[in-house]
Amino acid sequence: MNALKQYIDLYDESRDLIEEQSPALLNKMRRVAREHLEDARLPRKGSEDYEATDLEAVFAHDYGVNVNRLPFAADPAETFHCDVPNMSTCLYYTSNDAFHSSATAERNIGQVVVEPFSMAAVDYPELMTAYYGQLAHMSDPTVALNSLLVQDGLFIYVPDGVVAERPIQLVNIFNAALDMMVHRRLLIIVGKNAGIKLLMCDHTQSPDYHYLNNQVVEIVAMQGSTVDYYDMEESTPLTNRVSSIYVDQHEGSNVLINGITLINGFTRNNYHVEVNGEHAETQLLGMTIASGEQHVDSHTFISHNAPRCHSNEMFKYVLNDKAVGAFAGKILVKPDCPRVEAYQGNRNLCGAPTAKMYTKPQLEIYTDDVMCSHGSAVGQLDEEALFYMRTRGIGIDEARRLLMQAFVADVIDGVRLDALKDRLHYLVEKRFAGTLSNCASCMQACRPNNKK
Amino acid sequence: MKEIEKPEKGNQIIEEAAQAEYKYGFVTDIETEVIPKGLDEDVVRRISALKREPEWLLEFRLKAYRHWLTLKAPTWGHVHVPEIDYQDISYYAAPKQKTSEVKEIDPELKKTFDKLGIPLEEQMRLSGMAVDAVMDSVSVKTTYRERLAELGVIFCSISEAVKDYPDLVRKYLGKVVPYTDNFYAALNSAVFSDGSFVYIPKGVRCPMELSTYFRINAAQTGQFERTLIVADDDAYVSYLEGCTAPMRDENQLHAAIVEIIVEDRAEVKYSTVQNWYPGDKDGKGGIYNLVTKRGLCRGDHSKLSWTQVETGSAITWKYPSCVLKGDHSVGEFYSVALTNNWQEADTGTKMIHLGKNSTSTIVSKGISAGHSQNSYRGMVKIAPKATGCRNFTQCDSLLLSDTSGAHTFPVIEVGNDTSVVEHEATTSKINEDQIFYCNQRGISTEDAVGLIVNGYAKEVMAKLPMEFAVEAQKLLSVSLEGSVG
């Protein structure tokens, strides 16, 4: 069986329709993708880099693809109030795969450009041509599939020297009344000495349908730029996601990526960072709180192609019930890249006999003058700490929650936005308490002060 | 006052070390019976016939051979094994015994083992160790057999064991490493020549170290030895293995299997000092050391400990593993792998926890110099029913040159919530402050590196039996002399 075939056939049938609605550049890449998909197969469980994850099975479900670009009735800006309190973000929405602006989007965005590919192809053709599809690897069949079927995407451009005052928040919502697959795509270009903070939230409105988000994000961080990318998934047990983030870092750039999974069905996160300039700094942080049958697989690859760089990774998992967690991280230091410092950590709590954790930290080093390390641990909460709390009158459940919160706290503390940090602490607390529900009722859940 | 050494000195020292001659590279001029090159069913039958084996063993070999034909050589290792022409290797080479009726060994052979420092003559030996010496495809001589037999300990070559203890061999052969296990295991099962067989009966603590010395002598042959160790309930044995080969320009294949079975409360300690010819400074020649080693801790409270010092071989592909089936069983793996010039090593271990409260410890120290590539590859797997398990893994890499590589590829799978698994790894170059400190106190850079590296590997060396520890330490300092990056 080849799960890709149904989507390739769909493309072959509706090629004209898809191409008609998309910028020429996307269509050009589509043809490259089609060639790559000719003999491609999605990895099965147990194949290299997919020890715990069966992508073939995830894609095998019969998802609908909105090739006709039919608009969905609800206006997300009206329905959702996802802005973070005290953060005043510039808020944008993606309803399934269609892009919407909101009332708050216009406020004081300065010179930062946020627009759909269809507009960017007209406004910034050089940038689009130079960077679209250049970082993502078509050899990955999910990336090729995204490139084949993507019809629009979001283009974020911060010109040289511009530091965005407000964070940009993009809320991705599934709200179709049918099983659906979307191909979201982001191209983020941050110019020399520019800076931006991005917050991505994935939500699902209808908990009864199966959704699959196959997204590709390309980030170019120019000389001396600073990029914060926070990615939070809080959907439903029927929402699946395959996300591939590709980063190209130039000299002196500083990139922070923080991926948080609170509620989901199946998630595979790929992080691929190419550090191409000296003195660049990379931080990859991840936190997963999984219960039920949630499946979260994170795969990181940091390639140090230049000397005197610094990277730091920390991924933490808390697994309960029948949840499955997987982490595979690789640090590559190429020859002639002295003085690279690279650290990788993966800490996991297994809270139930049926929870499973797979971890594969890897180092591949070809230069001698480096400091690299990785550490990985799978274990349980400290019995003594639990006992200490119980002797002081804290119930076992409460004590466990407190310790689990403390366990993930350093990933949240890596967030460089105070308001977001507070909100995450709040959400994690609710998540552990089991009172964080899906998006349909998020107006009660997400905001502590939302009275609606 | 001593002048501070210039950086160029480091390179010079490396060159010297690289040119340091491989001590065991001589060839023994001895008449050898070699069967012609090539591999087919007839060759398998012929090996079996030469060794006068029973029918069941021939069947085992043929099944393995047929299975091997369906397999492809694995490519996942971080090593570059060139395409091996399996028809261009001779699968059996035996030193001819000149006088067959006298139970004396050939003087030429004896000289070879004397050069290697292997005490074959019982009267001459002081170290208190029983030795099985294997040259090419046959076991040449096993010492101390009689004394061991008094205790019921069986220590002999596997060919003899097949004749003398067929039931035991048949019961255990291929039970830990089945011929279907992997490409090289299938090949070995089809054509294995000799190796050691050890059986320690119930409640016996083997009074001396058992040792096998492997030597490849004949050209264009492969060595496919097979070792089987069984420790019955409450038994204990410490087993040592050493290996050398002559210097030759072409590569030679060594594909061995070691199987160990540990019953209730028994303990087996398996130590290896592997010093096959690593090839010259340009990476020409050397042994391809592609071996499968695995132990099954079948009994409760059983213990298996692997200690290895890997300094030789052009390519090493070896993962001594423990299947911890018994409750409270213990697996240990201590390894120092040193690669220099163009050597490639991909080594590590697998700890498969199936029994409750089983524990394992992994300490791996890699040292890479020259243009070599050194990888640790390991797996720790905790089965869902194996509750209360504990693993600690530490793998450190030391880089002595900017052209070498050090890599770690561990896999951890935890299937329950009462087990704790920890993994730590670091990679760095030798600490310049430490070298500077030594220099200040009049210790040359070369000696300082030796000191630091020996200190770095000490944790593993301390696990080796004394006789081996001395040899291993010498080996490390020879290979390390002045490898300052």
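These numbers were taken from a predicted model, which means no experiment stands behind them. (Residues numbered from 1 in each chain as written. Chains lettered and ligands numbered in written order. Predicted model: local features only at pLDDT ≥ 70, side-chain atom pairs only at ≥ 80, totals over all residues.)

### Structural notes on the overall build of chain B
Okay, so step 1: The helix and strand tally for chain B stands at 11 helices and 24 strands.
Okay, so step 2: Counting all 485 residues of chain B, 58% fall into the buried class. (Helix = DSSP H or I, 4+ residues; strand = E, 2+ residues; numbered from the N terminus. Buried ≥ 20, exposed ≤ 12 C-beta atoms within 10 Å, placed from the backbone.)

### Looking at the packing of helix α1 (residues 4-20) of chain A against helix α7 (residues 141-149) of chain A
Residues and elements named next belong to chain A.
Okay, so step 1: Running from amino to carboxyl end, α1 crosses α7 at an angle of 20°, the nearest separation of the two axes being 10 Å. Taken together, the axes of α1 and α7 lie roughly parallel to each other. Two packed elements cross with a definite hand, and for α1 against α7 that hand is left-handed. Of the residues in α7, those touching α1 at Leu4, Tyr7 and Tyr11 are Pro141, Leu145, Leu148 and Leu149.
Okay, so step 2: Looking at the contact of α1 with α7 residue by residue, the class counts come to 7 nonpolar, no polar and no charged. (Axes fitted to C-alpha atoms, helices over the stretch in contact; angles between N-to-C directions. Parallel < 35°, antiparallel > 145°, perpendicular 65-115°, else oblique. Left-handed = near helix turned anticlockwise from the far one by under 90°. Contact = placed C-beta atoms within 7 Å. Nonpolar A, V, L, I, M, F, W, Y, C, P; charged D, E, K, R; others polar.)

### Details of the interface of chain B and chain A
Okay, so step 1: Taken together, the contact between chain B and chain A spans 30 residues of the former and 31 residues of the latter.
Okay, so step 2: Mapped by element, the contributors of at least two residues to the side of chain B that touches chain A are β23 (405-414) and β24 (420-429) of chain B.
Okay, so step 3: Here the side of chain B that touches chain A is composed, by residue class, of 11 nonpolar, 13 polar and 6 charged.

### Here's the deal with the nonpolar core
Okay, so step 1: Val190 of chain A together with Val198, Ile260 and Val268 of chain B are the most contacted members of the largest nonpolar core, which has 247 residues in total.
Okay, so step 2: Among the elements that take part in this core, strand β9 (residues 211-221) of chain A stands out by supplying 7 residues, more than any other.
Okay, so step 3: Residues in contact with Val268 of chain B, not counting those within four places in the same chain, are Ile229, Ala231, Val237, Tyr239, Ile260, Val262, Gly295 and Leu304 of chain B. (Core = buried A, V, L, I, M, F, W, Y, C linked by C-beta atoms within 7 Å.)

### Concerning the environment of Pro410 of chain B
Okay, so step 1: Tracing the sequence through the fold places Pro410 of chain B in strand β23.
Okay, so step 2: Taking the number of C-beta atoms within 10 Å as the measure of exposure, Pro410 of chain B has 25 and is therefore buried.
Okay, so step 3: Ignoring sequence-local partners within four residues, the contact set of Pro410 of chain B consists of Lys360 and Pro361 of chain A together with Gly378, Thr393 and His423 of chain B.

### With respect to the environment of Arg215 of chain B
Okay, so step 1: Structurally, Arg215 of chain B is set in strand β7 (residues 209-215).
Okay, so step 2: In this structure the C-alpha to C-alpha distance between Arg215 of chain B and Val134 of chain B, which are 81 residues apart in sequence, comes to 6.1 Å.

### Examining the confidence of the model for chain B
Residue and element names in this part refer to chain B.
Okay, so step 1: Confidence in the prediction of chain B, expressed as mean pLDDT, is 82, and 80% of residues score 70 or more.
Okay, so step 2: Ranking the helices and strands of chain B by mean pLDDT puts strand β19 (residues 350-353) first, with 96, and helix α1 (residues 7-19) last, with 44.
Okay, so step 3: A low-confidence stretch, residues 122-127 stays under pLDDT 50, and its non-local contacts, those more than four residues away or across chains, total 6 contacts.
Okay, so step 4: Interface scoring of the predicted complex returns ipTM 0.78; its pTM is 0.83. (pLDDT = per-residue confidence, 0-100.)

### Here's the deal with the pairing of strand β8 (residues 226-231) of chain B
All names here are of chain B.
Okay, so step 1: Taken across its 6 residues, β8 has 6 buried, putting it largely inside the fold.
Okay, so step 2: Taking every second residue as pointing to the same face, both faces of β8 are buried, with Arg226, Leu228 and Val230 on one and Thr227, Ile229 and Ala231 on the other.
Okay, so step 3: Both β8 and strand β11 (residues 257-262) contribute to a ladder of 6 bridges, which runs parallel. Looking across to β11, one finds that Ala231 is bridged to Val262. (Pairing = 2+ DSSP bridges.)

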